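# Summary of the model geometry
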Amino acid sequence: MGSSSRTAAFHTLGCKLNFAETSTLARSLEEAGYARVRVEERPDVFVLNTCSVTENADKECRRHVRRFRGINPDAFIAVVGCYAQLKPDEIVTIPGVDLVLGANEKFNLAEHIERLAEHAGGDGVVIAGPIKEVKRFIPSYNANDRTRTFLKVQDGCDYFCSFCTIPLARGRSRSATIAETVEQARAVAASGVKEIVLTGVNTGDFGRQHGEDFLQLIEALDRVEGIERFRISSIEPNLCHDGVIDLVATSQRFVPHFHIPLQSGSDVILQRMRRRYDTALYAERVHRIKQRMPDACIGVDVITGTPGETDEEFQKTHAFIRSIPVDYLHVFTYSERANTTAVRMEDAIPMEVRRERTKQLRILSTKLQRAFYEKHIGTTRPVLFEHGETGHDQERGEILGFTDNYVRVALPFDPQLVNGVSSVHMDALNGEGLMRGSITSAVGV
Ligand code: SF4
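Here is a short report on the structure shown in this document. (Residues numbered from 1 in each chain as written. Predicted model: local features only at pLDDT ≥ 70, side-chain atom pairs only at ≥ 80, totals over all residues. Heavy atoms only, no water.)

## Observations concerning the overall build of the protein
Quick reminder of the rule: Runs of H or I in DSSP of at least four residues are treated as helices and runs of E of at least two as strands, each being numbered from the N terminus. Note on method: radius of gyration uses C-alpha positions; expected globular size equals 2.2 Å times residues raised to 0.38. Only protein chains enter the accessibility calculation, which uses a 1.4 Å probe; a residue whose area is less than 20% of its type maximum is buried, one above 50% is exposed, and one in between is partly exposed. The contact criterion used throughout is that any non-hydrogen atoms of two residues lie within 4.5 Å. Charge assignment: positive for Lys and Arg, negative for Asp and Glu; neither His nor the chain ends contribute. In plain terms, the charge of a residue is placed at NZ if it is Lys, CZ if Arg, CG if Asp and CD if Glu.
Helix and strand content of the protein: 14 helices and 19 strands. Computed over the C-alpha atoms, the radius of gyration of the protein is 22 Å, within 12% of the 22 Å expected from 2.2 N^0.38 for a compact globule of 445 residues. Taken along its principal axes, the extent of the C-alpha atoms in the protein is 60 × 60 × 45 Å. Per-residue burial for the protein yields a buried fraction of 56% across its 445 residues. Counted over contacts in the protein with a minimum sequence separation of 6, partners at least 24 positions apart contribute 72%. Both charge centroids of the protein, one from 55 positive and one from 60 negative side chains, sit 2 Å from each other.

What follows is the structure in structure tokens.
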């Protein structure tokens with residue numbers, strides 16, 4: 001099977017980091033001569049990039065492998081990503097899987113496929129080692145979106161929160177140097193992309209092994225020409241210090257949008273989670289951001305139903321979130337993950353109770369977001385209108401984009417606006433919670 005006439009398709013589960021890495025893997029197969037096609041186009045090679053955070057990681061993996069086999073029973077199927085590092089021997093038993101690569105080998109995908117592709121349909125091969133051997137930082141960014149790019153600036157984590165498997169799937173915290181990361185950002189800028197989203201596992205922990213830090217990184221990125229906006233995808237509260245907040249507040253490029261994991265609004269539960277802050281620090285950070293940038297948007301991660309979370313503790317979380325000026329929530333239902341300390345904890349919460357708490361917090365999130373959007377009606381903000389599927393709602397004949405502070409805006413479709421930042425007056429909210437606006441001036445295309 002010569003690679004010159006061969007095709008490969010990719011499917012990604014999970015986070016922005018996985019999407020950036022899939023794009024890097026796709027580029028390596030393109031360099032090896034494979035043409036990239038969509039999953040439905042019956043490729044010769046399927047690559048599934050897996051996630052380990054959700055309880056359905058295994059079901060999702062099985063479902064996609066079955067789907068791939070349904071599309072092309074003769075194809076070569078490779079599985080990579082966090083679930084592949086955690087459970088390689090389980091995955092290789094799924095009918096149709098030809099190759100499972102662990103964290104240390106996933107970036108050698110092209111080489112392994114070249115070597116093994118002749119054996120599609122035979123016994124699957126596992127190439128995965130202990131996570132402690134994973135030391136390399138491999139830069140990545142997704143190149144298939146002309147408007148916004150996820151730039152991987154950090155990988156792994158040293159925090160070992162009690163409920164989390166990510167350190168077991170991705171290894172210890174590591175990154176490239178500031179100089180190398182700035183080079184990556186320049187390459188992305190040269191491709192015409194307008195917004196870079198800095199992504200990682202514990203993004204704010206950038207640079208420690210090089211004696212550098214996250215503030216120095218964003219100071220350097222703030223000087224990169226050609227990028228209109230930088231967005232920090234997520235930052236731990238204990239790493240979101242005044243220096244970072246002040247840079248964003250004074251920067252022309254870093255947008256006033258912070259996503260800060262809280263996980264619980266109860267100090268007792270935060271201790272059980274082994275988080276590195278308490279609610280007082282969290283609240284103080286949130287108030288500091290809003291004091292410096294009153295229109296900033298603050299998103300919050302919360303997990304419901306971790307061991308020992310009584311009704312009272314949950315009510316503390318609900319009340320705490322209502323007591324601070326935050327604007328939307330990402331709510332996750334706790335699920336036991338193998339080899340974490342939480343899985344050995346007593347006082348497990350029944351799943352239906354966990355799910356009910358998740359529902360209550362998602363209702364709260366809708367209210368918070370609506371209030372944040374309503375606050376901006378009548379104001380004017382810069383909107384980056386997107387290219388491609390995410391930006392063009394064909395059915396409604398609309399173009400979509402985000403303001404700097406993460407308000408989703410819809411306008412009648414105008415090709416002139418695609419992939420450019422325009423100044424938009426926020427007119428009104430529609431029934432779906434989208435902001436309707438009108439152009440005051442088209443700034444940069
Ligand atoms: S900070 Fe905690 S929750 Fe986040 S990746 Fe690290 S161990 Fe997991």
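The rest of the description comes next.
## Thoughts on the state of the cysteines
Keep this limit in mind: A pair of sulfur atoms, both from cysteines and within 2.5 Å, is called a disulfide here.
Applying the stated criterion to the full structure yields zero disulfides. As a non-bridged cysteine, Cys51 has Cys82 as the owner of its nearest cysteine sulfur, 6.4 Å distant. Here Cys51 falls in the buried class, since its relative accessible area comes to 16%. Left unpaired, Cys297 is separated from the closest cysteine sulfur, that of Cys240, by 13 Å.

## Details of the site of the ligand
Using the following cut-off: The nearness test applies per residue and asks whether one of its heavy atoms lies within 4 Å of the molecule or strand. As a working rule, the residues Ala, Val, Leu, Ile, Met, Phe, Trp, Tyr, Cys and Pro are called nonpolar, Asp, Glu, Lys and Arg charged, and the rest polar, with Gly in that last group.
Every residue lining the ligand is accounted for by Cys157, Tyr159, Phe160, Cys161, Phe163, Cys164, Ile166, Pro167, Val201, Glu236 and Arg275. Here the residues of the shell around the ligand sort into nine nonpolar, no polar and two charged.

## A look at the packing of helix α12 (residues 311-323) against helix α13 (residues 351-375)
Under the convention used in this document: What counts as an axis is a line fitted to C-alpha atoms, over the stretch in contact for a helix, and the angles between N-to-C directions run from 0 to 180 degrees. Our angle categories are set so that under 35 degrees counts as roughly parallel, over 145 as roughly antiparallel, 65 to 115 as roughly perpendicular, and the remainder as oblique.
Orientation of α12 relative to α13, taken along the N-to-C sense of each, is 10°, at an axis distance of 11 Å. Taken as axis vectors, α12 and α13 run roughly parallel relative to one another. Residues Asp311, Phe314, Gln315, His318, Ile321 and Arg322 of α12 form the contact with α13, whose own contacting residues are Arg357, Gln360, Leu361, Leu364 and Leu368.

## A word on the nonpolar core
Put simply, the rule is: For this analysis, a nonpolar core means a set of buried residues of the types Ala, Val, Leu, Ile, Met, Phe, Trp, Tyr and Cys, connected via side-chain atoms within 4.5 Å. Start and end points for every domain follow an automatic or database-based domain assignment.
In this structure, Leu198, Phe214, Leu221, Phe254, Tyr282, Ile289 and Ile321 are the most contacted members of the largest nonpolar core, which totals 64 residues. For this core, the element with the highest residue contribution is helix α8 (residues 214-221), accounting for six residues. For this core, the domains that each give at least three residues are domain 2 (135-255) and domain 3 (288-375). In this structure, Ile321 is in contact with Leu262, Val302, Val326, Leu329, Leu361, Leu364 and Leu368, ignoring residues within four places of it in sequence.

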